[in-house]
Amino acid sequence: MDTHTRFPRPRVLLTGFDAFGGATLNPSWLAVQALRGRQVRGHTVVAAQLPTVFGASQQVLDVLLAKHRPALVVCVGQAGGRSSISLERVAINVDDAPIPDNAGARPIDTPVVPGAPAAHFSTLPIKAMLGALQREGLPAEVSLSAGSFVCNHVFYGLMHAIATRPELRHTRGGFVHVPWLPEQGTPSLPLADVVRGLRVALRCALAEPGPSQK
Ligand code: PCA
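Residues numbered from 1 in each chain as written. Predicted model: local features only at pLDDT ≥ 70, side-chain atom pairs only at ≥ 80, totals over all residues. Heavy atoms only, no water.

What about the side chain of Asn 152?
Its place among the elements puts Asn 152 in helix α5 (residues 150–164). Its relative accessible area of 0% is what places Asn 152 among the buried residues. When neighbours within four sequence positions are excluded, Asn 152 is seen to be in contact with Ala 91, Ile 92, Val 94, Val 112, Ala 146 and Gly 147. (Helix = DSSP H or I, 4+ residues; strand = E, 2+ residues; numbered from the N terminus. Buried < 20%, exposed > 50% of the residue type's maximum accessible area, 1.4 Å probe, protein only. Contact = heavy atoms within 4.5 Å.)

Some words on the site of the ligand
Every residue close to the ligand is listed here: Phe 17, Phe 20, Asn 26, Thr 52, Gly 77, Gln 78, Phe 149, Val 150, Cys 151 and His 177. Note that an oxygen atom of the ligand is positioned 2.9 Å from one of the side-chain N or O atoms of Asn 26. Val 150 is positioned with one of its backbone polar atoms (N or O) 3.5 Å from an oxygen atom of the ligand. When the ligand sits alone it has 260 Å² of accessible area, and the protein chains cover 94% of it. Put simply, the ligand lies in the largest pocket. (Near = heavy atom within 4 Å. Polar contact = N/O pair within 3.5 Å; in protein donor to acceptor, adjacent residues only side chain to side chain. Areas by Shrake-Rupley, 256 points an atom, 1.4 Å probe, with all protein chains shown as cover. 1 Å grid on protein atoms, 1.4 Å probe; cavity = no way out; pocket = protein on both sides within 12 Å on 5 of 7 lines; lining within 4 Å. Sits in = over half its atoms within 2 Å of the grid points.)

Regarding the sheet that holds strand β2 (residues 39–40)
Spatially, the seven strands line up as an open sheet ordered β2-β3-β1-β4-β9-β5-β8, and their pairing is mixed. Only two strands of the sheet have a single neighbouring strand rather than two, namely β2 and β8 (140–143). Sheet analysis places strand β5 (residues 85–88) next to strand β9 (residues 172–178), joined by two bridges and oriented antiparallel. Bridge pairing in β9 places Leu 87 opposite Val 176. Where helix α4 (residues 126–135) meets the sheet, it contacts β5 and β8, and its direction lies at approximately 160° from that of β8. Where helix α6 (residues 191–207) meets the sheet, its contacts fall on β1 (11–17), β2, β3 (43–50), β4 (72–78), β5 and β9, and the angle it forms with β4 comes to roughly 155°. (Pairing = 2+ DSSP bridges. Axes fitted to C-alpha atoms, helices over the stretch in contact; angles between N-to-C directions.)

Structural notes on empty space enclosed by the protein
Going through the model one piece at a time under the given rule, you end up with one cavity of 30 Å³ or more. Empty space within the largest cavity amounts to approximately 30 Å³. Taken together, Leu 14, Val 74, Met 129, Leu 198, Ala 201 and Leu 202 make up the full set of residues lining the largest cavity. Tallied by class, residues from the lining of the largest cavity come to six nonpolar, no polar and no charged. (Points joined across faces, edges and corners; volume = space filled by probe spheres on them. Nonpolar A, V, L, I, M, F, W, Y, C, P; charged D, E, K, R; others polar.)

Structure, rendered in structure tokens:
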């Protein structure tokens with residue numbers, strides 16, 4: 001076994017979603033895909049697609065967490081109607097779907113994880129990331145709601161796994177929503193800016209020792 005195999009570079013897991021709600025693309029996946037295999041502060045970016053499906057999205061994420069044991073996980077989704085890259089602060093324990101998911105399911109007022117806490121905070125340094133994005137001239141904001149559709153579902157599941165599984169005690173994670181691409185509607189952000197924003201956000205998160213709040 002060579003040195004490279006025994007001491008693989010630590011990993012960053014970046015996920016995006018497939019198209020949903022009648023759309024033919026999802027900027028989250030296009031942007032995440034563009035960063036696959038990149039090196040960021042000594043970490044290798046692993047890029048993966050999650051299905052926009054309650055339950056299945058979480059199962060795919062669980063497999064990725066077990067396989068890669070990433071140092072950092074940033075799940076990314078599309079938020080139509082938003083004009084900024086949104087750094088999500090809090091995941092809530094509610095599934096309440098405004099539209100059916102890609103498997104036709106539409107859970108209403110059900111918990112993501114029965115019996116688990118009402119909410120989990122992101123463990124990403126969201127304020128430092130906000131500053132880094134703004135210094136790059138990119139539109140960015142801290143958001144207080146990731147909604148109650150599949151993005152919040154995945155965000156909550158991720159943060160609950162990090163909070164409860166000993167093997168993930170060194171993993172930090174959170175969620176970022178990105179606007180539509182110009183061809184999808186207004187407001188929008190070009191793909192190149194979304195990709196640059198994610199790279200800046202990752203670089204910042206890896207440079208910061210901890211979360212914004214415990
Ligand atoms: N956005 C949706 C789910 C998939 C995605 O990209 C959401 O905000 O919940």
